[in-house]
Amino acid sequence: MNVLPCSINTLKGLYDISGVEVGQHFYWQIGSFQVHAQVLITSWVVIVILLGSAAVAVRNPQTIPPNGQNFFEYVLEFIRDLSKTQIGEEYGPWVPFIGTMFLFIFVSNWSGALLPWKIIQLPHGELAAPTNDINTTVALALLTSVAYFYAGLTKKGLGYFGKYIQPTPILLPINILEDFTKPLSLSFRLFGNILADELVVVVLVSLVPSLVPIPVMLLGLFTSGIQALIFATLAAAYIGESMEGHH
């Protein structure tokens, strides 16, 4: 059987994909390591926005919540409902993970359209949304893979690996390959959609700079939010599947 070589080749392909570059990029050299400065800078801006919003949300909670507190409570309820729907009754411990994935991707996607990254001049390349880089989306996909393997092993122990011979041992190669293709699908879907949205806006701005880009940008904001929802939903579904063994 060629399952092991195929799986190794899939992992190698995923590693090689992380080196894909579109355009020029700006790097920091730290010792023997080369750090992708563009992604690091924009990711930390997104993290600061999220941490600042969380600090504001919990700073002075009220029994009768004002509008701001209502908004954050709605977001929390939305993430909890999403997690419960996909994972089941044992969703509680996974709400922080699913919420972090959703909020980071959502704010990252919107930052590409709402923040004026282009006015910041770099020696090489230019700043863009963190999810506009394949390294970010691959990292998020691999974290999701680690999460659902951890969930399955924690819940079922070594019996978790019994799923690979269900419903019949004949499907063993396909079931193994499925777990290695999930991060590929997650990373490519997110990266491709965000990159395509930004490229369409750039092209339209250069061709028709007055009116056309505005509705396209609004559509991009909508689709960016949908992409964050899809990624979080699939991550929760994979975790629920690994814990319960259903498809």
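In this report, we go over the structure that sits alongside the text. Nothing here was measured: the structure is a model prediction, and the numbers come from that model. (Residues numbered from 1 in each chain as written. Predicted model: local features only at pLDDT ≥ 70, side-chain atom pairs only at ≥ 80, totals over all residues. Heavy atoms only, no water.)

From N to C terminus, the chain includes seven helices and two strands. Counting from the amino terminus, helix and strand elements in the chain follow one another as α-β-β-α-α-α-α-α-α. Residues counted as buried form 36% of the 247 residues belonging to the chain. Total accessible area computed for the chain in this model is approximately 14200 Å², and 71% of it derives from carbon and sulfur atoms. (Helix = DSSP H or I, 4+ residues; strand = E, 2+ residues; numbered from the N terminus. Buried < 20%, exposed > 50% of the residue type's maximum accessible area, 1.4 Å probe, protein only. Areas by Shrake-Rupley, 256 points an atom, 1.4 Å probe, with all protein chains shown as cover.)

Summed over all chains, the structure comprises eight aromatic pairs. Note on Phe 78 and Phe 102: the rings are 5.7 Å apart at their centroids and 50 degrees apart in plane angle, and the pair reads as tilted. Here Phe 78 is found in helix 3 (residues 67–87), whereas its partner Phe 102 is found in helix 4 (residues 95–114), with 24 residues between them in sequence. Ring pairing ties together the aromatic residues Phe 78, Phe 102, Phe 106 and Trp 110, which thus form one cluster. The aromatic ring of Tyr 148 is capped on one face by Lys 182, whose charged end is 5.0 Å from the ring centroid. A cation over a ring is seen here: Lys 182 above Tyr 238, with NZ or CZ 4.5 Å from the ring centre. (Phe/Tyr/Trp six-rings, centres within 6.5 Å; stacked < 30°, edge-to-face > 60°. Lys NZ or Arg CZ within 6 Å of the ring centre and 35° of its normal.)

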